[in-house]
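Structural characterization, general
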Amino acid sequence: MASSRSEGSSASSRRTSPSPIPYRVGPLEYQPAVACRCGSKAARWILWSPDNPGRRYFKCADARSGGCDFFAWVDGPTSSFLREVLNDLWDEVWKLRREKA
Ligand SMILES: [Zn+2]
């Protein structure tokens, strides 16, 4: 079962494509606000790594320009079943987009 994705692309272990779906809510539009160590509202992003597909997390909004290293998960761990489903969907979305391009 774990081999189901190995026949896909070799890029499955390292993803460089952005989220396959548009964000429903902007990174700073969520409520209630969660503050990072700088005291600013932390940005909420969606991770699309093979281990954590579609899992949301908080990170300092200024992390790339001298902010803090604040990090916190929004969602709990993804079950192995959902992880497979989401990874398969992720692969399908990008496969179709590549074919369309
Ligand atoms: Zn910060």
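Shown above is the structure to which this text applies.
Residues numbered from 1 in each chain as written. Predicted model: local features only at pLDDT ≥ 70, side-chain atom pairs only at ≥ 80, totals over all residues. Heavy atoms only, no water.

**Some remarks on the sheet that holds strand β3 (residues 71-73)**
The criterion, for reference: Only strands that DSSP links by at least two bridges are regarded as paired with each other. Note on conventions: DSSP H or I runs of at least 4 residues are helices, E runs of at least 2 residues are strands, and numbering of each starts at the N terminus. Lines fitted to the C-alpha atoms define the axes, with helices restricted to the stretch that makes contact. Angles between their N-to-C directions range from 0 to 180 degrees.
Here three strands make up an open sheet; going across it, the order is β1-β2-β3 and the pairing antiparallel. Because the sheet does not close on itself, it has two edges, and the strands there are β1 (43-48) and β3. Strand-to-strand twist of the sheet, defined as the mean angle between neighbouring strand axes without regard to direction, takes the value 35 degrees.

**Concerning the coordination of the zinc ion**
Under the convention used in this document: Shown as donors are all N, O and S atoms within 2.8 Å of a metal ion, widened to 3.2 Å for Na, K and Ca; because water is not in the atom set, sites may appear incomplete. Geometry is assigned from donor-metal-donor angles: four donors are tetrahedral when every angle falls between 85 and 135 degrees, four are square planar and six octahedral when opposite donors sit over 155 degrees apart with all other angles between 65 and 115, and any other arrangement is irregular.
At 2.3 to 2.4 Å from the zinc ion lie its protein donor atoms, namely C36 (SG), C38 (SG), C60 (SG) and C68 (SG). Metal-centred angles of 104 to 115 degrees between the four donor atoms at the zinc ion mark the site as tetrahedral. Donor residues binding the zinc ion come from one chain and are separated in sequence as C-x1-C-x21-C-x7-C. A residue pair is termed long-range when its members are at least 10 positions apart, and C38 in the segment before β1 and C60 in the loop between β2 (53-59) and β3 qualify at 22 residues.

**As for the pairing of β1**
Inspection of the sheet shows β1 paired to β2 by six bridges, in the antiparallel sense. Paired with I46 across the two strands is R56, which belongs to β2. In textbook terms, the turn of a hairpin is the stretch between consecutive antiparallel strands, and for β1 and β2 this stretch comprises four residues.

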